[in-house]
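Observations on the three-dimensional arrangement
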Amino acid sequence: MLSVAAAREQILANVVRQPPEIGALTSSLLGSVLAEPVTADMDSPPFDKAMMDGFAVRSADCGQFPVTLTIVEEVPAGKSPMLPVGPGQATRIMTGAPIPEGADAVVQVERTEQPDSMHVTLLNGPVTPRQHILDRGREMRAGDVVMPAGQILRAAEYGLFATVGKTAVPVFRSPKVSLLCTGDEVVEANMKRMGSQIRNSNGPMLVMQTVRAGGLPRYLGIAPDRVDVLRSQIREGIDGGEVLVMAGGVSMGMRDLVPEVLADLGVQIHFHKVAMKPGKPLLFGTKGHKLIFGLPGNPVSSFVGFELFVRPALAAMRGVPTTMPKMARLPLAADFRASSDRELYYPAKLEIAEVGFAARPVPWFGSADLRAITAADCLLKLPAGETALTAGQIVDVILTDA
Ligand SMILES: Nc1nc2c(c(=O)[nH]1)N[C@H]1C(S)=C(S)[C@@H](COP(=O)(O)OP(=O)(O)OC[C@H]3O[C@@H](n4cnc5c(N)ncnc54)[C@H](O)[C@@H]3O)O[C@H]1N2
Ligand code: MOO
């Protein structure tokens, strides 16, 4: 059976990166990836800038202390100096204000006294040339590349865009992700549940996983186990987005119709099983450039399948440079035993340890136990076979919340 790593490789080999588009810098671009480098439109700071509240002076005047200088003017931030600072003179200046001509140093106000409103006495030295001055262009020069293509937009990036006057930037377009749940037994949470029906937990969960992964969800509802309806909904899903994610109907049951309908619609099935627990009956196909995922219907299997395969695919489509799930090697917070015939992904929670973090497995009874996932923020990745580990031993951890 195909390994998780090999399955992910096959998926990523079929990814086509989304085209770039110009996006306004609103919160909806958080996490998007810059498609072209951004350059500075001017020097920053645009002038030699005071970095302390105090007095702009000529360092040559400050050989011995105390020394008393004549104040020629006062320059708050946002105003420009009108007068140069000549020998024996000083300008009262605020943090952020431009340095007047002639001055080459700033002395903090704490190191001064004012005998009267016209004079300032510098109490002690030294006063070195350029002290407390940020030179024009020190942060960036006009034309400098301030951010490379491939950068993920976080809070600081928005700040830097503002510095260079950008209100919109080119980013890789978010993939549209059609989401379709299947199964006669499944009903939406706002509908009346009857008999042996169960509520659709995968639908809302996959919508939110899609949003978190930077995709634009198009939720198509629940398809019944009927070939004609399933076919038309799957077709709509493929036509309406770059990615189709389905949950349920992919295993071996009589009513697991998804694989045959996909094949019938001309979808090339690349694999239909992965050596992992939970989530073994996971299907991946393509039609042209479109990616099609059939996640197992059990909620934990759907969740894990999305994190291990759909999320990296969406990351690659969005131009994210590293598409692997975020991993760490961390000590276990408790003794742990498990047994699995496939690579095992076990829900766990990070906790503060003596040094850094440790991962504590949460109680979990299997692929229907979504409560375990809500109690967890990571997955232990454990090899197939018998696992018997003691607290403090190092394990691979997938940081699903990172
Ligand atoms: N003979 C075999 N049977 C099964 C195998 C197998 O290899 N051979 N694999 C098992 C494994 S592992 C899983 S996982 C499931 C996956 O089955 P399907 O993807 O076909 O999913 P369903 O049968 O439709 O549903 C499984 C389970 O999950 C519930 N479900 C489905 N959709 C939702 C939803 N939207 N929200 C909440 N719960 C949902 C469904 O009622 C079932 O209980 O197959 C095993 N069988
Ligand atoms: O993958 Mo099934 O998810 O092992 O229950």
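We now turn to the structure provided with this report. It should be emphasised that the depicted structure is a prediction, and the values quoted were computed from it without experimental measurement. Sequence positions are assigned chain by chain, starting from 1 and proceeding in written order. Going through the entries in the order they are written, you letter the chains from A and number the ligands from 1. Under the rules for a predicted model, residues below a pLDDT of 70 receive no local features and side-chain atom pairs below 80 are neither given nor counted, while totals for whole chains, interfaces and linings still include all residues. Computation of side-chain values: all heavy atoms of the structure, hydrogens and water removed.

Quick look at the packing of aromatic side chains
Only rings of Phe, Tyr and Trp enter the pairing, Trp through its six-membered ring, and a pair is recorded when the two centres are within 6.5 Å. The plane angle decides the type: under 30 degrees is stacked, over 60 is edge-to-face, the rest tilted. Counting across every chain of the model gives four aromatic pairs. On the numbers, 5.3 Å between centres and 45° between planes, the contact of Phe284 with Phe293 is tilted. A 1.4 Å probe rolled over the protein chains alone gives each residue an accessible area, and that area as a share of the maximum for its type sets the label: buried under 20%, exposed over 50%, partly exposed in between. Since its relative accessible area comes to 0%, Phe284 is described here as buried. Overall, the relative accessible area of 0% leaves Phe293 in the buried class. Through a chain of ring-to-ring contacts, three or more aromatic side chains come together here, namely Phe271, Phe284 and Phe293.

Some points on the site of ligand 2
Surveying the vicinity of ligand 2 reveals the residues Pro278, Gly279, Lys280, Pro281, Asn298, Ser301, Arg342 and Ser367. Here a polar contact is recorded for every N or O atom pair within 3.5 Å, except that within protein the pair must consist of a potential hydrogen donor and a potential acceptor, and residues adjacent in sequence are included only if both atoms are side-chain atoms. Between ligand 2 and Lys280 there is a distance of 3.0 Å, counted from an oxygen atom to a backbone nitrogen or oxygen. Between Ser367 and ligand 2, the recorded distance is 2.4 Å, taken from a side-chain N or O atom to an oxygen atom. Just so you know the grouping, Ala, Val, Leu, Ile, Met, Phe, Trp, Tyr, Cys and Pro go in nonpolar, Asp, Glu, Lys and Arg go in charged, and all remaining residues, Gly too, go in polar. Partitioning the shell around ligand 2 into residue classes produces two nonpolar, four polar and two charged. Whether a residue is near a molecule or strand is decided by its heavy atoms; if any one of them lies within 4 Å of it, the residue is near.

Focus: the site of ligand 1
Around ligand 1, 21 residues are found, and the nearest of them are Glu185, Asn200, Val250, Ser251 and Gly297. A distance of 3.0 Å separates an oxygen atom of ligand 1 from a polar atom in the backbone of Val250. One of the side-chain nitrogen or oxygen atoms of Asp256 is found 3.1 Å away from an oxygen atom of ligand 1. Accessible surface area values rest on a Shrake-Rupley calculation with a 1.4 Å probe, where residue burial reflects the displayed protein chains alone. In isolation ligand 1 offers 860 Å² of accessible surface; the protein chains occlude 71% of this area. Listing elements by their share of the shell around ligand 1, those giving two or more residues are strand 15 (198–199) and helix 6 (299–317). The residue inventory of the shell around ligand 1, partitioned by class, reads eight nonpolar, nine polar and four charged. For helices the rule is a DSSP run of H or I covering at least 4 residues; for strands it is a run of E covering at least 2, with both sets numbered from the N terminus onward.

Comments concerning the packing of helix 3 (residues 202–212) against helix 6
The interhelical angle for the contact between helix 3 and helix 6, taken along N-to-C directions, is 20°, at an axis separation of 10 Å. Classed by the angle they form, the pair helix 3 and helix 6 counts as roughly parallel. Crossing angle aside, the handedness with which helix 3 passes helix 6 is right-handed. In this structure, helix 3 uses Asn202, Met205, Leu206, Gln209, Thr210 and Arg212 to contact helix 6, whose residues at the interface are Pro299, Ser302, Phe303, Phe306, Glu307 and Arg311. Here the residues of the contact of helix 3 with helix 6 are counted per class, giving five nonpolar, four polar and three charged. Here the axes come from fitting lines to C-alpha atoms, over the contacting stretch only for helices, and the angles between their N-to-C directions go from 0 to 180 degrees. These descriptions rest on fixed angle ranges, namely under 35 degrees for roughly parallel, over 145 for roughly antiparallel, 65 to 115 for roughly perpendicular, and the rest for oblique. In this scheme the crossing of two helices becomes right-handed for a clockwise turn of the near helix relative to the far one and left-handed for an anticlockwise turn of less than a right angle. A contact between two residues is defined here by any heavy atoms of the two lying within 4.5 Å.

Here's the deal with the nonpolar core
Nine residue types can take part in a nonpolar core, namely buried Ala, Val, Leu, Ile, Met, Phe, Trp, Tyr and Cys, and a core is a set of them joined through side-chain atoms within 4.5 Å. Ranked by internal contacts, the top residues of the largest apolar core, which has 55 residues, are Phe293, Phe309 and Leu380. No other element matches the 11 residues that helix 6 contributes to this core. Domain assignment of the residues forming this core places at least three in each of domain 1 (4–17 + 174–317) and domain 4 (327–399). Ignoring anything within four residues of it in the chain, the contact list for Phe293 reads Ile11, Val243, Leu244, Val245, Met246, Leu283, Phe284, Phe309, Val310 and Ala313. Counting 17 residues, the second-largest nonpolar core is a separate cluster that includes Leu220, Leu257, Val258 and Val261. Domain delimitation in this document rests on an assignment produced automatically or drawn from a domain database.

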